[in-house]
Structures are given as C-alpha cells and as structure tokens.
Amino acid sequence: MSASSRTLREEVERLDREDPLAPFRERFLLPEGIVYLDGNSLGALPREAAARVERAVREEWGKGLIRSWRDAGWIDLPLRIGEKIGRLVGAEPGSVVVADSTSVNLFKVLAAALSHRPERKTILTERGNFPTDLYIAEGLASFVGKGHSVRTEPAEKIVPSIGRDTAVVLLTQVDYRTGARHDLARVTGEAHERGALVVWDLAHSAGAFPVDLAGAGADFAVGCGYKYLCGGPGAPAFVYVAPRHQRNVQPLSGWFGHAAPFAFEAGYRPAPGVGRYVCGTSPILSLTALEAGVDLFLEAGMDRVREKSVRLADLFVELVEERCGGRGLALLTPREPARRGSQVSFAHPSAEGVMKALAARGVIGDFRPPDILRFGFAPLYGRFVDAWDAAEALGAVLAAP
Ligand SMILES: *Cc1c(COP(=O)(O)O)cnc(C)c1O
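Scoring rules and cut-offs
- Residues numbered from 1 in each chain as written.
- Predicted model: local features only at pLDDT ≥ 70, side-chain atom pairs only at ≥ 80, totals over all residues.
- Heavy atoms only, no water.
- Pairing = 2+ DSSP bridges.
- Helix = DSSP H or I, 4+ residues; strand = E, 2+ residues; numbered from the N terminus.
- Contact = heavy atoms within 4.5 Å.
- Axes fitted to C-alpha atoms, helices over the stretch in contact; angles between N-to-C directions.
- Near = heavy atom within 4 Å.
- Polar contact = N/O pair within 3.5 Å; in protein donor to acceptor, adjacent residues only side chain to side chain.
- Areas by Shrake-Rupley, 256 points an atom, 1.4 Å probe, with all protein chains shown as cover.
- Nonpolar A, V, L, I, M, F, W, Y, C, P; charged D, E, K, R; others polar.
- Buried < 20%, exposed > 50% of the residue type's maximum accessible area, 1.4 Å probe, protein only.
- Parallel < 35°, antiparallel > 145°, perpendicular 65-115°, else oblique.
- Left-handed = near helix turned anticlockwise from the far one by under 90°.
- Expected span 1.5 Å × (residues − 1).
- Disulfide = S-S within 2.5 Å.
- 1 Å grid on protein atoms, 1.4 Å probe; cavity = no way out; pocket = protein on both sides within 12 Å on 5 of 7 lines; lining within 4 Å.
- Points joined across faces, edges and corners; volume = space filled by probe spheres on them.
- Phe/Tyr/Trp six-rings, centres within 6.5 Å; stacked < 30°, edge-to-face > 60°.
- Lys NZ or Arg CZ within 6 Å of the ring centre and 35° of its normal.
- Salt bridge = Lys/Arg side-chain N within 4 Å of Asp/Glu carboxyl O.

## Details of the sheet that holds strand β15 (residues 372–376)
Argument step 1. Overall, antiparallel pairing links the 4 strands, which are arranged β11-β12-β15-β14 in an open sheet. With one partner strand each, in any of the chains shown, β11 (330–331) and β14 (366–368) form the two edges of the open sheet.
Argument step 2. Sheet topology note: the β14/β15 ladder contains 3 bridges and is antiparallel. The residue bridging Arg368 from the neighbouring strand is Ile372, located in β15.
Argument step 3. Set on the sheet, helix α11 (residues 302–324) makes contact with β11, β12 (343–347) and β15; between it and β12 the angle comes to about 25 degrees.

Structural data, given as structure tokens:
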C-alpha cells in the first residue's frame with residue numbers, strides 16, 4: 001500500500017473535534033506525551049478523585065474522626081456506590097454492593113452458588129479464564145471437599161458441557177487475552193435450562209459496555225473497580241446477587257455484613273439483602289476515589305461510552321492493518337462489536353519486545369504471555385489521535401530491523 005493512501009493524522013483529529021465525549025478527557029489527570037492504552041488494567045486518575053480523597057483525608061478523617069462513620073456517610077458507601085455501579089451493569093436496585101477484591105468476592109458468590117445446588121458437585125469454567133478465577137474455584141472446591149471439583153473447557157464447549165452435575169458455571173464475560181465476549185443472556189438461559197447457576201466475572205465489562213444483568217436473569221456477578229471504572233490501584237470490587245438469591249448466606253460472615261454491626265450482638269444475623277456480602281471494615285479512602293470514577297460513567301452514559309469504544313477500536317484495527325500488513329500480526333479480537341469488549345489484541349511472535357519498544361515511544365499497552373499485544377480503549381479519556389499515534393508507533397517498531 002502506498003504511503004499516500006494512509007489515513008492522515010489531520011483526518012483523525014477531526015474525529016476528536018466532533019466527539020461529544022471529548023470534554024471528559026479534561027476531567028482526568030494524564031501525563032504529557034503518553035498514549036495510554038492500558039485503562040483495562042488500571043484506569044486513569046479522575047481529577048475529582050484526587051479532590052475528593054483529599055477532602056476525605058483532611059476533613060472527614062482529620063476533623064470528623066470517628067464521627068465521620070455517620071456524619072460523612074462512610075457507613076453507606078458500599079451500598080451507595082454499589083447502587084451506582086448497578087446502574088452501569090443493569091442490576092435491580094439493591095442488588096450490588098462494593099466490597100473486598102474481585103478474588104474474595106468470587107469466593108463468596110461461588111460458595112453461595114454451591115450452597116444453592118447441594119446435590120451437584122461441579123464448577124464448570126473456561127480453560128483460559130483469568131488465573132485468579134481458576135485458583136479461587138479450585139481452592140473452594142478442594143476446601144468444601146464433598147466430591148466437588150472444577151472442570152475446565154474451551155469457550156465453545158462450555159454450553160454443551162453443562163450437565164446434571166454442574167452446580168455453577170463460572171465465566172469471565174470478556175476474555176482478558178483476546179477480548180472476545182460471551183453472550184451473557186444466552187449462556188445464562190442455557191445454564192438455567194439445565195438447572196445450573198452462573199457466576200459472571202465482569203472485570204472487563206463494567207465501564208466497557210452496557211450490561212443487562214437483570215434482563216438476562218443473571219444469578220451472581222463480580223467485577224473490578226480499578227480497571228475501566230477508574231477507581232484507583234487496588235480499588236474495592238463489586239458483587240451482584242440477584243434479589244431471588246439474597247436470602248442465602250455467604251461464608252465470610254463478618255461484622256459489617258451483620259444486620260446491626262454496631263449492636264455488638266453475640267450471634268451473626270445477616271443484613272437484609274446484598275449488604276450481607278460486605279465482610280469487614282471498608283477502605284473508605286479507596287471507596288471515595290472509586291465513587292468519583294463511577295460518577296463520570298453515569299454522567300457520560302454507557303451507551304455513548306460504548307459507541308465511542310467501538311469506533312476507537314475499529315479505527316485502531318483499520319490503521320494497524322494499513323501500516324502493519326505482512327508484519328506478522330494476527331488479530332485475536334473478534335471484529336463484530338457485539339462479540340468483543342473494549343480492547344484489541346494481536347498475537348505477534350516477538351510480542352514482549354514489541355510492547356517494550358512501544359513503551360519506549362510513549363505508547364503504553366500491555367503484553368500477556370505467550371505472545372499477545374493488548375490495547376485497551378477507554379473512551380472517557382482516550383482520543384482518536386491516540387489510536388492513530390499508537391498504530392503509527394507500532395508500524396515503526398515492526399518496520400525496524
Ligand atoms: C483483573 C481481574 C481480576 C482481579 O482480581 P483482584 O482480586 O482484583 O486482583 C479478576 N478477574 C478477572 C477476569 C480480571 O481480569
């Protein structure tokens with residue numbers, strides 16, 4: 001392809017000028033000279049998060065001290081932010097709470113799900129699932145130890161493998177390596193027809209595209225606060241429990257999941273609803289930061305976020321193919337928007353070195369073993385020119401001897 005047929009940067013700058021979400025970029029603190037395509041691992045810093053955390057530290061903690069549990073509403077944060085995240089993932093009111101990490105929440109919901117299906121012993125999951133999901137499932141199955149086990153299958157064999165012994169299907173909706181997306185409603189329906197429950201990990205879904213948990217009749221879900229949602233490093237995670245499953249208890253029955261934590265009662269009485277999925281004292285400063293990130297998504301609207309995400313990823317794929325055809329890249333991410341999340345992945349035999357060379361040029365994506373280049377698109381701060389600059393840098397890196 002001749003150089004003159006390449007898309008010019010000026011053409012792409014026009015897309016940013018016409019982008020209704022462009023003003024949101026100013027709401028983030030981003031370093032100069034960096035093209036950040038790793039918001040799927042750690043979302044960027046919202047200015048408002050920095051301001052709110054500062055206020056929470058100086059005013060609420062510094063001056064309010066212990067009184068802030070009530071006066072500053074600390075006690076309400078897990079459910080209040082859960083309610084907001086619930087709107088992003090299509091949950092029924094009162095069915096999401098923010099607590100702990102994704103890994104810990106997986107343990108709680110998997111255990112709860114197993115207790116709903118005592119006669120079934122298998123947790124069915126995807127062979128390529130994120131490691132912590134597999135580790136937690138295996139750890140729980142061997143700990144329960146009543147003949148429970150984990151069965152792994154490739155993505156396309158999950159639905160046909162749901163059998164009479166499948167208690168719960170555990171799936172990450174968007175594959176962290178390839179960006180391929182499961183049809184949440186279809187798999188949930190198939191599992192229910194066969195008598196199994198489903199736990200969805202929404203780590204690469206929440207903040208990436210609209211999810212409709214209630215519409216799909218979902219059972220349980222967990223998700224991450226520090227990736228697309230921009231909650232900050234180690235931000236607490238969220239957990240969704242369908243209203244019909246909320247009467248069961250989860251095993252981490254800590255005092256903050258008690259109906260009256262400050263009554264200091266002798267016995268455990270679970271809080272009504274999803275509040276019982278909180279275990280111990282919440283990280284208030286981290287929750288404060290997370291709420292600022294979540295508020296930006298509510299303000300922008302997930303439909304608009306998704307629309308731009310699809311356009312950014314499509315443009316990036318088009319530009320990379322324009323510049324890097326024949327350079328050994330293989331697109332791993334499905335081209336159909338409905339079948340993918342908000343990342344674009346390519347396989348390349350020297351992926352690790354290529355990603356290092358990109359970083360040296362100020363383009364931050366990430367490498368995932370064995371040979372994957374991963375680029376995440378976060379429409380609230382990502383620009384069309386970022387896709388252009390990244391594709392241009394990738395072309396230069398791959399053309400270098
Ligand atoms: C990032 C990620 C996690 C993270 O779990 P933590 O407990 O927050 O470390 C879990 N599952 C998936 C699919 C992820 O991508």
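That was the structure; now back to the text.
## Concerning the site of the ligand
Argument step 1. Around the ligand sit Ser101, Thr102, Ser103, Phe130, Thr132, Asp133, Thr172, Asp201, Ala203, His204, Tyr226 and Lys227, and those are all the residues in its vicinity.
Argument step 2. Ser103 is positioned such that a nitrogen or oxygen atom in its side chain is 2.6 Å from an oxygen atom of the ligand.
Argument step 3. His204 is positioned such that a nitrogen or oxygen atom in its side chain is 2.8 Å from an oxygen atom of the ligand.
Argument step 4. Surface burial for the ligand is 87%, taken as the share of its 390 Å² of free accessible area covered by protein chains.
Argument step 5. Elements represented by at least two residues in the shell around the ligand include exactly α5 (102–116) and α6 (131–144).
Argument step 6. Taken together, the residues of the shell around the ligand break down into 3 nonpolar, 6 polar and 3 charged.

## Concerning the environment of Ile158
Argument step 1. Positionally, Ile158 belongs in helix α7 (residues 158–161).
Argument step 2. Owing to a relative accessible area of 1%, Ile158 belongs among the buried residues under this scheme.
Argument step 3. Taking C-alpha positions, Ile158 is 7.2 Å from Thr125, a pair spaced 33 residues apart along the chain.
Argument step 4. The contact partners of Ile158, leaving out residues within four places of it in the chain, are Leu124, Thr125, Glu126, Glu153, Val169 and Leu171.

## As for the packing of α5 against α6
Argument step 1. Between α5 and α6, the shortest axis-to-axis distance is 10 Å and the interhelical angle comes to 45 degrees. Compared by their axis directions, α5 and α6 come out oblique. For the pair α5 and α6, the crossing hand works out as right-handed. For the pair α5 and α6, contact is made by Ser103, Leu106, Phe107, Leu110, Ala111 and Leu114 and by Thr132, Asp133, Ile136, Ala137, Leu140 and Val144, respectively.
Argument step 2. Taken together, the residues of the contact of α5 with α6 break down into 9 nonpolar, 2 polar and 1 charged.

## Thoughts on α11
Argument step 1. Taking 1.5 Å of rise per residue, the 23 residues of α11 would be expected to cover 33 Å, and the 32 Å separating its terminal C-alpha atoms lies within 8% of that figure.
Argument step 2. Backbone geometry just after α11 places Gly326 at a positive phi near 75 degrees.

## Considerations on helix α10 (residues 284–300)
Argument step 1. With 17 residues, α10 ought to run about 24 Å at 1.5 Å a step, and its terminal C-alpha atoms sit 25 Å apart, in line with that.
Argument step 2. Residue Gly301 follows α10 closely and has a positive phi angle near 90 degrees.

## Observations regarding the state of the cysteines
Argument step 1. Under the counting rule described, the total for this entry stands at 0 disulfides.
Argument step 2. In this structure Cys279 is a free cysteine whose sulfur lies 19 Å from that of Cys224, the closest cysteine sulfur available.

## Thoughts on the layout of surface pockets
Argument step 1. The calculated volume of the largest pocket comes to roughly 630 Å³.
Argument step 2. Lining the largest pocket are 29 residues, with Gln173, Ala180, Arg181, His182 and Asp183 sitting closest to its centre.
Argument step 3. For the lining of the largest pocket, the secondary structure elements donating two or more residues are α7, β7 (166–172) and α8 (184–193).
Argument step 4. Examining the composition of the lining of the largest pocket, we find that 4 residues originate from one element, α8, more than from any other.
Argument step 5. Roughly 230 Å³ of internal volume is contained in the second largest pocket.
Argument step 6. Along the walls of the second largest pocket sit 16 residues, with Ile75, Leu79, Phe256, Gly275 and Val278 positioned nearest its centre.
Argument step 7. Of the residues belonging to the lining of the second largest pocket, the class tally is 12 nonpolar, 3 polar and 1 charged.

## What to know about the packing of aromatic side chains
To describe a pair of aromatic rings, you give the distance between the ring centres and the angle between the ring planes.
Argument step 1. All told, the structure shown has 13 aromatic pairs when counted by the stated rule.
Argument step 2. Ring centres of Phe262 and Phe264 lie 6.4 Å apart, and the angle between their planes is 55 degrees; this geometry places the pair in the tilted category.
Argument step 3. When its relative accessible area of 61% is taken as the criterion, Phe264 is described as exposed.
Argument step 4. Taken together, Trp69, Trp74, Trp255, Phe256, Phe262 and Phe264 form an aromatic cluster joined through their ring pairs.
Argument step 5. Above the plane of the ring of Phe209 lies Arg181, whose end atom (NZ or CZ) is 3.7 Å from the centre.
Argument step 6. The ring of Phe130 carries the charged tip of Lys227 above its face, separated from the ring centre by 5.3 Å.

## Things to note about the side chain of Asp16
Argument step 1. Relative to the elements of secondary structure, Asp16 occurs in helix α1 (residues 9–17).
Argument step 2. Setting aside its immediate chain neighbours within four residues, Asp16 contacts Ala22, Arg383, Phe384 and Val385.

## Structural notes on the pattern of salt bridges
Argument step 1. Applying the stated criterion across every chain, the model contains 27 salt bridges.
Argument step 2. Between Arg14 and Glu18 there is a salt bridge, and its shortest N-O distance comes to 3.4 Å.
Argument step 3. Residue Arg14 is classed as partly exposed on the basis of its relative accessible area of 40%.
Argument step 4. By relative accessible area, which is 53% here, Glu18 ends up exposed.
Argument step 5. Here Asp386 and Arg25 are joined by a salt bridge, their closest N and O atoms 3.8 Å apart. Separated by 361 residues along the polypeptide, Asp386 in helix α13 (residues 384–399) and Arg25 in the loop between α1 and β1 (28–29) bring together distant segments of the chain. Just as Asp386 is buried, Arg25 falls in that class too.
Argument step 6. If you follow the salt bridges from partner to partner, you end up with Glu48, Arg52, Arg80, Lys84, Glu291 and Asp295 in one network.

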